[in-house]
Every structure is written in C-alpha cells, then in structure tokens.
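Overview (structure and organization)
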Amino acid sequence: MPHASDGLPILHAKAMKKIFTFLAITVLSVSCSLGELIAPPLETPLPSVTPANTDTPLPTSTPVTPTLTFTFTPTLMGLKTPTPADEITSTPVISVTPLAMLTLDTLTPTAQMKGFFSVLVSPNEFFKGRKCEPASAKFIVQVDNPLGVAHVLLFVRFKSLTAERAGKWTSIPMEAIGAGTYAHELYSDEMLEDAYFQTAWVQYQIVSTNARGRELGRTDIFKENLSMLQCVATATPATLTP
C-alpha cells in the first residue's frame, strides 16, 4: 500500500498535465483570436454592374423635299436649229485712198418748213383728167402752232419735164380736219393752164395766214416731188352680135 509521500508526485504530475493542457488550449484560443485580428480584411467585392442593353433609337430624319419650279419652254414645231457656221477669221485690209481722189458728198439742202410741222403728199404721181387711176394726189399738212391760224392755202403750178416753161400759180384753200391739220385732194383740172400740159411736174407750196390775211408760215417750193402723167385711153373691143 503506498504511502502518503508516494502519492504526491503522482498528483503533481496529473496537475501539471492539466496545467499544460489548459495552457495549450489557451494558447490555441489566443492564437485563433490573434489570427482573426491580424488577418488582413477581406476585400469587399465591388457591386457588379450589369450592362443594361437599352436600345438607343436611331434619329429619325425627316427628308426635306425641295420645292420644284418648272419653267416650260415652248417647243416650236418644224423649226430647225441653225447649225453654227465655222468662224472665219479674216485679216482686215486697210486701203488708203489718196486725198486727191476723195470726192466730197454734196449735201442736199433741207426744205424750209416755216410755220409747218409736216407736209405729206400721196401718191407721188397721178394721171391727167379723171379717167385714169390714180387721178388725184392727196395733200395733208400740219401747222406747228394752230393758235391764230385761220387759213392754209395750197399753191400749185405745172412745170415742163423737158423745158423751162411753167404754168401760172393756182391758189386752193385747204380743208381743216382738226388738231391743226389740213387736207386737200388735188385733180389736174383744178389747176390753171391744164390744157397746155399733158405730162409735167406739179410744183407746190403751202402758206398759212390769220383771219386778216397776214402770213404766218410758208414752206419752200417743192419742185420735183410730184408728177402728172398723160392718161391714154385703151380701146375696149366691142362684142359682135350675129
């Protein structure tokens, strides 16, 4: 039977074993606690971004239709387009005429028309008598200032075509037709010495006067503007009746 002194070492060994076991557990526990404290924090995962497939509508283009302006060009039926002719380049030829060979143009003097704006005669030739047409020449004159003009006179005479012989002047009043215009239709049998001329120049001059006979205007003498022709009768064949 063991003694009391022998049981002390056995108790001491058991106690020590418990102490070691407790220490080991404590160390492990502390190590785990320290491990949790020392261990680096885990990275917090970023929130995942889920791309949203949102369809962006394409811009709607509204076409701008221009305003059409039509210009109608008429088409001429049957008209042929002329073919442009080839351009011909010509070299100008300068011709110098000696001064000794130059002939100066003779200026035709303008008839004086004092007191008148215009004098018209139609036609420029007529036949003697009243059987051949045209048998008359019509005169139409216009004064430049109708105020104060009371009379317009037509003076006419025959002048030989081949000689210096001339007839007497005949004075014929002209008819007023308004707006300072006067007219007269002349026949050969109105003129003096008609029996002595078959063909001739008919010279004429126009004179205007006031109511008292005072002259207001006078033209020059028109000498070879109007002629009288001989009227030759043509025999008409008779119809024979059996």
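Structure shown above.
I will try to describe carefully the structure that is included in this document. (Residues numbered from 1 in each chain as written. Predicted model: local features only at pLDDT ≥ 70, side-chain atom pairs only at ≥ 80, totals over all residues. Heavy atoms only, no water.)

1. Side note on the overall build of the chain
Quick note on the threshold: Secondary structure follows DSSP: runs of H or I at least 4 residues long count as helices, runs of E at least 2 residues long count as strands, and numbering of each begins at the N terminus. The buried label applies to any residue whose accessible area, calculated with a 1.4 Å probe on protein chains only, is under 20% of its type's maximum; exposed applies above 50%, and partly exposed to all values in between. Between two residues, a contact is recorded if the distance between any of their heavy atoms is within 4.5 Å.
Within the chain, the regular secondary structure consists of one helix and 11 strands. Reading the chain from its N terminus to its C terminus gives the helix and strand order α-β-β-β-β-β-β-β-β-β-β-β. Taken across its 242 residues, the chain has 20% of its residues classed as buried. A sequence separation of at least 24 residues applies to 64% of the contacts in the chain between residues at least 6 apart.

2. Focus: the nonpolar core
Basically, it comes down to this: Side-chain atoms within 4.5 Å link the members of a nonpolar core, which is a set of buried Ala, Val, Leu, Ile, Met, Phe, Trp, Tyr and Cys residues.
Core analysis: the biggest nonpolar cluster contains 25 residues, and Val152 and Val202 have the highest contact counts within it. Among the elements of the structure, β2 (116-122), β4 (136-143), β5 (151-159), β8 (181-187) and β9 (200-209) are those that each provide at least two residues to this core. Setting aside chain neighbours within four positions, we find valine 202 in contact with Phe126, Val156, Arg157, Phe158, Leu186, Met191, Phe222, Leu226, Ser227 and Met228.

3. Thoughts on the sheet that holds strand β7 (residues 175-178)
Going by this rule: Two strands are counted as paired when DSSP detects at least two bridges linking them. Here an axis means a line fitted to C-alpha atoms, over the contact stretch when the element is a helix, while the angle between two N-to-C directions is reported on a 0 to 180 degree scale.
With antiparallel pairing, the four strands of this open sheet are ordered in space as β2-β4-β8-β7. Of all the strands in the sheet, the pair left with one neighbour each is β2 and β7. In this sheet, adjacent strand axes meet at a mean angle of 25° when their direction is disregarded.

4. Points about the state of the cysteines
The condition is simple: Only a pair of cysteine sulfur atoms within 2.5 Å counts as a disulfide in this structure description.
Counting across every chain of the model gives one disulfide. Sulfur-sulfur distance for the disulfide between cysteine 132 and cysteine 231 comes to 1.7 Å. In this structure the cystine formed by cysteine 132 and cysteine 231 twists about its S-S bond by roughly 65°; its chirality is therefore right-handed. Taken as a pair, cysteine 132 in the loop between β3 (125-127) and β4 and cysteine 231 in the segment after β11 (227-229) lie far apart in primary sequence, 99 residues in all. For cysteine 132, a relative accessible area of 17% gives the class buried.

5. With respect to unusual backbone geometry
Both trends apply: most residues other than glycine have a negative phi, and most peptide bonds are in trans. Cis peptide bonds are those with omega within 30 degrees of zero, and the linkage from serine 122 to proline 123 qualifies with -10°. Counting through the fold element by element, proline 123 comes out in the loop between β2 and β3. Look at the link from glutamate 133 to proline 134: it is a cis peptide, with omega at 0°. Along the chain, the position of proline 134 falls in the loop between β3 and β4. Even without a glycine there, the phi angle at alanine 179 is positive, about 60°. Within the fold, alanine 179 resides in the loop between β7 and β8. A positive phi angle is found at glutamate 193, which is not glycine, with a value near 60°. Of note, glutamate 193 is situated in the loop between β8 and β9. Among the residues examined, glutamate 193 registers a relative accessible area of 27% and is labelled partly exposed.

Read these as layout, nothing more, since geometry by itself doesn't imply function.
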